[in-house]
Amino acid sequence: MSQHAASPEAATAPVSRAFASDNWSGAHPEVIEALALANTGHVPAYGGDPVTARFQEVARELFGAEAEAFPVFNGTGANVLALQAALPRWGAVICARTAHINTDEAGAPEKTGGLKLFGIETPDGKLTPELVAREAWGFGSEHRSQAGAVSISQVTELGTVYTPHEIRALADQAHELGLVLHVDGSRLGNAAAHLGASLRELTTDVGVDLLSLGGTKNGLLGAEAVVVLRPEAADGIRYLRKIDLQLASKMRFISAQLLALYEGDLWLRSATRANELAQRLASGVRALEETVPGVRIAHPVESNAVFVELPAEAATRAQSAFAFGAWPTQPGLYRLMCAFDTTEADVDALLTVLAG
C-alpha cells in the first residue's frame, strides 16, 4: 500500500458533522439509489436518454409549459451559462455586491462569460428596484457596459429570502428597462420551504426569465440545471452549454439526480429539514446571548444559514470541535450552515461547546 493511501479503517471511520457549508454534506440515499437505477444498459448520450426526457417533463410540471431545462455540472457553470446566453458580448449584470457570482466564482462571469458585473451594496443581501436604479443607466452609451440582466440570489448569501412580491417588483422594473431577471437558485428549495410557496410561485409566476436551479446544496452528488422560463430570454443556450464545458456526455447520471430531487417532494423534505435545524440552532444561540457576552444573531434566519457574532474565545472553542468559517467581510461574524443530514444532536453539541 502506498504511504499516501488511506487505510480501510480511515475509509470507514465516522466523520463528525460540519457547519461550514451544506456543500460538505453527503448525497441523499434516495439520490444514490436513483444513480444506481440509471446505471443500466446503453442509452443515447448528451441528453438523448429517457431519464433526461423525464426531467424535462418534470421541469415543465414545476415551472410551466414553456420551461426548458438544461442539466449542468455545477452552480457556477449554471450561472455563467444562463447569463451568457441572455446577454450580448457587451452586456453587464446588475447584482448585489455580496452575490455569489460577484464574490465566490473567481471572476467566472467576467472571465469566462465576458460579462461586466455591477455590484451594489445592500444591507441584507437583497436588491430592490431603488438599488437597481443606481446602476441602471448609461443605456446607449458606448462608454459604458450595457446592463442586460438583473441577477438575484435566492437564498441570498446572507441567508435572507426574497418574497414573491419583492421578486415581482424587480421583474417589472427589469422588463420595463428591457432587461431579464435571473435567479441564482442554488438554495431555492430552502426559500420555498421557508415561505410555504411552490417553486413556480417564486419564479415563473412573478416574472423570472432564467433560473439556475440548485441541487448539490440540497442533497445531490453534483448536479444543477439552467431552467429557461421564457424561451426568448436565452437564445443559443443549447450551443453555449457545450462551449462553456457544461454538456455532459453521460447526461443520464446528472438528470437522474435532478429527477430524484424534483420529481417528488425530496427537495422540499430536505430543505425543510435543513431550515428546521437552522431554527433550532438560532433559538439556542439566542438563549446564549444572555449568558455569553458578545454572542448575537446578526441576520434574520430565513433559511438554513445562521449568521452569528461570536467572541474570539467562543469561536476558537467551537471551531476546535466543528468546522465552520468566519465571514470574510466582517470581523467576528461567522456563518453556520445546516444541511439535510444535520441532526438535532449535532446542533445541541455545537450549542454546548459555544456555551463553554
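The shown structure was predicted, so the numbers you read here are calculated from the model rather than taken from an experiment. (Residues numbered from 1 in each chain as written. Predicted model: local features only at pLDDT ≥ 70, side-chain atom pairs only at ≥ 80, totals over all residues. Heavy atoms only, no water.)

**Focus on the nonpolar core**
Rules: Only buried Ala, Val, Leu, Ile, Met, Phe, Trp, Tyr and Cys residues count toward a nonpolar core, and they belong to the same one when joined by side-chain atoms within 4.5 Å. Only protein chains enter the accessibility calculation, which uses a 1.4 Å probe. A residue is then buried if its area is under 20% of the maximum for its type, exposed if over 50%, and partly exposed in between. Residue contacts are counted whenever heavy atoms from the two residues lie within 4.5 Å of one another.
Residues L127, V150, I152, L213 and Y262 are the most contacted members of the largest nonpolar core, which totals 76 residues. If we skip the residues at most four places from it in the chain, L213 touches F55, F63, G185, L188, E224, A225, V227 and Y262. L288, V292, V306 and L351 belong to the second-largest nonpolar core, a separate cluster that totals 25 residues.

**Some thoughts on the pattern of salt bridges**
As a reminder, the rule being used: Criterion for a salt bridge: a side-chain nitrogen of Lys or Arg within 4 Å of a carboxyl oxygen of Asp or Glu. Numbering of helices and strands runs from the N terminus, with a helix taken as a DSSP run of H or I at least four residues long and a strand as a DSSP run of E at least two residues long.
A complete count under the given rule lists 18 salt bridges for this structure. Where K126 meets E166, a salt bridge forms, and the shortest distance between an N and an O atom there is 3.0 Å. Here K126 is found in the loop between β3 (116–120) and α7 (129–132), whereas its partner E166 is found in helix α8 (residues 164–176), with 40 residues between them in sequence. For K126, a relative accessible area of 11% corresponds to the buried category. On the basis of relative accessible area, E166 is assigned to the partly exposed category, the value being 29%. R168 serves as the salt-bridge partner of D172, at 3.2 Å between the closest nitrogen and oxygen.

**Notes on the packing of helix α2 (residues 29–38) against helix α11 (residues 252–262)**
Under the convention used in this document: Here an axis means a line fitted to C-alpha atoms, over the contact stretch when the element is a helix, while the angle between two N-to-C directions is reported on a 0 to 180 degree scale. Just so you know how the angles are binned, under 35 degrees is roughly parallel, over 145 roughly antiparallel, 65 to 115 roughly perpendicular, and the rest oblique. Two helices crossing with the near one rotated counterclockwise from the far one by less than a right angle form a left-handed crossing, whereas a clockwise rotation gives a right-handed crossing.
In contact at an axis separation of 9 Å, α2 and α11 are set at 140 degrees when each is read in the N-to-C sense. The orientation of α2 relative to α11 falls into the category oblique. Crossing handedness for the pair α2 and α11: right-handed. Where α2 abuts α11, its residues E30, V31, A34, L35 and A38 lie against R252, F253, A256, Q257 and A260.

**Some words on the sheet that holds strand β5 (residues 180–185)**
Just so we agree on the cut-off: Only when DSSP finds a minimum of two bridges between them are two strands counted as paired.
If you trace the 7 strands from one edge of the open sheet to the other, you get β1-β7-β6-β5-β4-β2-β3, paired in mixed fashion. Both outer strands of the open sheet, β1 (68–72) and β3, are each paired with one neighbouring strand and no more. The sheet shows a mean angle of 20 degrees between the axes of neighbouring strands, taken without regard to direction. Sheet topology note: the β1/strand β7 (residues 224–228) ladder contains 5 bridges and is antiparallel.

**Some details on the packing of helix α3 (residues 50–63) against α11**
Threshold: Under the scheme applied, nonpolar residues are Ala, Val, Leu, Ile, Met, Phe, Trp, Tyr, Cys and Pro; charged residues are Asp, Glu, Lys and Arg; polar residues are all the others, including Gly.
At a minimum axis separation of 9 Å, α3 and α11 run at an interaxial angle of 35 degrees. Pair α3 / α11 crosses with left-handed handedness. Residues V51, T52, R54, F55, V58 and L62 of α3 touch α11, and the partners they reach there are R252, S255, A256, L258, L259 and Y262. In the contact of α3 with α11, the residues fall into 8 nonpolar, 2 polar and 2 charged.

**Points about unusual backbone geometry**
Going from Q154 to V155, the amide bond is cis rather than trans, its omega being 10 degrees. With phi around 55 degrees, Y46 is a residue other than glycine that occupies positive phi space. Along the chain, the position of Y46 falls in the loop between α2 and α3. Residue classification places Y46 among the partly exposed residues on the basis of a relative accessible area of 46%.

**Concerning the pairing of strand β11 (residues 333–337)**
Burial analysis of β11 places 5 of its 5 residues in the buried class, which makes it a mostly covered element. Of the two faces of β11, the one carrying L333, R335 and M337 and the one carrying Y334 and L336 are both buried. One ladder, built from 5 bridges, connects strand β9 (residues 305–309) with β11; its direction is antiparallel. Within the sheet, the bridge partner assigned to V308 lies in β11 and is Y334. When strand β10 (residues 325–326) meets β11, the two strands line up antiparallel, connected through 2 bridges. Residue A326 lies in a different strand from β11, and its bridge partner there is Y334.

**Regarding the sheet that holds β10**
The strand order β8-β9-β11-β10 describes an open sheet built from 4 strands, whose pairing is antiparallel. Edge positions in the sheet fall to β8 (296–297) and β10, since each of these pairs with one other strand and no more. The pairing of β8 with β9 spans 2 bridges and is classified as antiparallel. Counted as the bridge partner of I297 is V308 from β9. Strands β8, β9 and β11 of the sheet are contacted by helix α12 (residues 266–288), whose axis makes an angle of about 15 degrees with β9.

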